[in-house]
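The lines below spell out each chain.
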Amino acid sequence: MTITQLKYVLAVAEYKNFTTASKHCFVTQPTLSMQIQKLEEEFDTQIFNRNKKPIQLTEVGKKIIEQAKIIVDESNRINDIIDQQKGFIGGDFRLGIIPTVMPTLLPLFLKTFIKKYPKVNLKIEEITTEQIIKKLTDGHIDVAIAATPLENDQIKERVLYYEPFVGFVPAEHRLFKNKTLAVEDLQIEDILLLEDSHCFKENVINLCSAIGFKNQHFQIQSGSFDTLIKLAKENLGMTLLPYLQTLDISDKDTMYLRPFNAPVPAREISLIYHKSQLKIQLIESLKSVIDSVIRGVIAFNDVKIISPLQQKKGA
């Protein structure tokens with residue numbers, strides 16, 4: 001039994017196809033199949049049921065996969081220990097960021113991080129929270145930035161900052177003359193929302209549900225804050241924005257911004273990673289850089305954290 005064979009087994013278990021798995025392992029399909037067959041012969045048991053389409057794990061195969069993940073992770077940890085001992089901060093580092101954070105936070109820290117850690121090959125992708133959790137679990141990304149808490153025992157969360165909600169209220173809206181907003185003033189039926197894939201939508205719904213608005217019909221949903229702002233300016237409703245998003249608002253449009261009364265509703269943004277993650281030194285370096293740049297941008301203390309988790313009906 002070799003680590004390479006176990007990696008091949010894990011790839012087939014994930015992709016449920018020998019050809020696809022071989023491409024991700026950068027070997028030919030016959031080579032991968034032969035190595036897995038050798039492993040099955042050594043174990044004198046079948047790991048995969050090849051008669052099923054897609055390929056499925058046998059009952060004993062499921063148990064083998066669980067142990068194989070532990071073995072492969074622990075073997076990778078040796079390189080991590082050596083890097084930490086040498087004080088080396090470099091190599092591939094895969095980062096996922098949710099869409100409502102990516103455009104505003106990334107420009108604040110990316111240049112500083114690249115300059116400070118030139119040996120790190122940072123690979124960034126914009127993905128939803130649901131995709132982030134799956135990719136962290138499967139080992140396809142090392143760390144992510146997302147709204148928390150997620151209440152997932154497999155995921156560790158390190159809070160980066162609390163980002164207040166800000167109202168964007170058009171001129172003809174009933175709340176436009178208010179200098180500040182109270183949560184009790186909100187009416188969910190006239191709030192323009194992001195689409196379902198965005199956790200910020202759940203933040204807003206949870207905020208409004210807390211004051212008694214449930215199961216309302218949402219008339220307009222969009223994939224971007226820019227679109228919501230344009231729709232609001234057409235007096236189709238108000239919207240709520242994360243604080244960092246308001247920093248990009250044009251001077252002319254700042255007249256529509258309305259802060260909330262304290263305690264200000266806010267979302268918690270955290271650096272998250274799987275509990276078995278190995279690249280802790282890289283994670284600490286990333287957190288340190290983000291902490292240093294965000295400290296001068298957000299300085300809110302009196303906030304009330306709104307969960308990004310979809311609330312169960314009747315809860």
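Residues numbered from 1 in each chain as written. Predicted model: local features only at pLDDT ≥ 70, side-chain atom pairs only at ≥ 80, totals over all residues. Heavy atoms only, no water.

A. Structural view of unusual backbone geometry. Between K53 and P54 the backbone carries a cis peptide bond, its omega angle lying at 0 degrees. Checked against the element boundaries, P54 lands in the loop between β1 (48–49) and β2 (56–57). In the segment running from T148 into P149, the intervening peptide bond is cis, with an omega of 5 degrees. Phi is positive for F26, which is not a glycine, with a value near 60 degrees. Along the polypeptide, F26 turns up in the loop between α2 (18–25) and α3 (29–43). Despite not being glycine, N235 has its phi angle at roughly 60 degrees, a positive value. The residue N235 is located in the loop between α8 (225–233) and β9 (238–242) in this model. (Helix = DSSP H or I, 4+ residues; strand = E, 2+ residues; numbered from the N terminus.)

B. Here's a closer look at the layout of surface pockets. Taken as a whole, the largest pocket holds about 1600 Å³ of empty space. Lining the largest pocket are 45 residues, and of these N76, R94, D138, G139 and H140 lie nearest its centre. Broken down by secondary-structure element, the contributors of at least two residues to the lining of the largest pocket are α1 (3–15), α2, α4 (59–86), β3 (91–97), β4 (120–126), α6 (129–138) and α10 (280–294). For the lining of the largest pocket, the element with the most residues is α4, which contributes nine residues. Looking at side-chain class alone, the lining of the largest pocket contains 17 nonpolar, 14 polar and 14 charged residues. (1 Å grid on protein atoms, 1.4 Å probe; cavity = no way out; pocket = protein on both sides within 12 Å on 5 of 7 lines; lining within 4 Å. Points joined across faces, edges and corners; volume = space filled by probe spheres on them. Nonpolar A, V, L, I, M, F, W, Y, C, P; charged D, E, K, R; others polar.)

C. Here's a closer look at the packing of aromatic side chains. This model, assessed by the stated rule, comprises six aromatic pairs. Judged by centre distance (6.0 Å) and plane angle (70 degrees), the ring pair of F18 and F48 falls under edge-to-face. One end of the pair, F18, is in helix α2; the other, F48, is in strand β1, and 30 residues separate them in sequence. The residues F18 and F48 share a single accessibility class, namely buried. Chaining the aromatic ring pairs together yields one cluster made of F165, F200 and F225. For the cation-ring pair, R258 lies above F176, with the distance from its terminal atom to the ring centre recorded as 4.8 Å. (Phe/Tyr/Trp six-rings, centres within 6.5 Å; stacked < 30°, edge-to-face > 60°. Buried < 20%, exposed > 50% of the residue type's maximum accessible area, 1.4 Å probe, protein only. Lys NZ or Arg CZ within 6 Å of the ring centre and 35° of its normal.)

D. Spatial organisation of the confidence of the model for the protein chain. When pLDDT is averaged across the protein chain, the result is 88; 92% of the residues are at 70 or more. Low pLDDT (under 50) marks residues 213–218, which in the prediction has 14 contacts with non-local residues, meaning those over four places away or in another chain. (pLDDT = per-residue confidence, 0-100. Contact = heavy atoms within 4.5 Å.)

E. Seen up close, the pattern of salt bridges. According to the stated counting rule, one finds twelve salt bridges in the structure shown. A salt bridge links R267 to E163; its shortest N-O distance comes to 3.0 Å. Of this pair, R267 sits in strand β11 (residues 264–274) while E163 sits in strand β6 (residues 155–168); the two residues are 104 residues apart in sequence, bridging distant segments of the chain. Comparing R267 with E163 shows no difference in burial state: the two are buried. Across the pair K287 and D291 runs a salt bridge, and its minimum N-O distance is 2.9 Å. One end of the pair, K287, and the other, D291, are both in helix α10, four residues apart, so they sit about a helical turn from each other. One exposure class covers both K287 and D291, and it is buried. Sharing partners across several salt bridges, the network here consists of R94, D142 and K279. (Salt bridge = Lys/Arg side-chain N within 4 Å of Asp/Glu carboxyl O.)

F. How the structure looks around the side chain of S285. Within the secondary structure, S285 sits in helix α10. Judged by its relative accessible area of 6%, S285 falls in the buried class. Here the side chain of S285 touches Q281 through a polar contact of 2.9 Å, landing on its backbone oxygen. Residue contacts for S285: discarding those within four places in its chain leaves I89, F113 and Y117. (Polar contact = N/O pair within 3.5 Å; in protein donor to acceptor, adjacent residues only side chain to side chain.)

G. Summary view of the pairing of strand β5 (residues 143–148). Within β5, six of the six residues are buried, leaving the element largely enclosed by the surrounding structure. Where β3 and β5 come together, three bridges link them in parallel fashion. Its bridge partner being in β5, L95 is matched across the sheet by V143. As paired strands, β5 and β11 are joined by five bridges and run antiparallel to one another. Among the inter-strand pairings, I145 is bridged to a residue of β11, identified as L271. (Pairing = 2+ DSSP bridges.)

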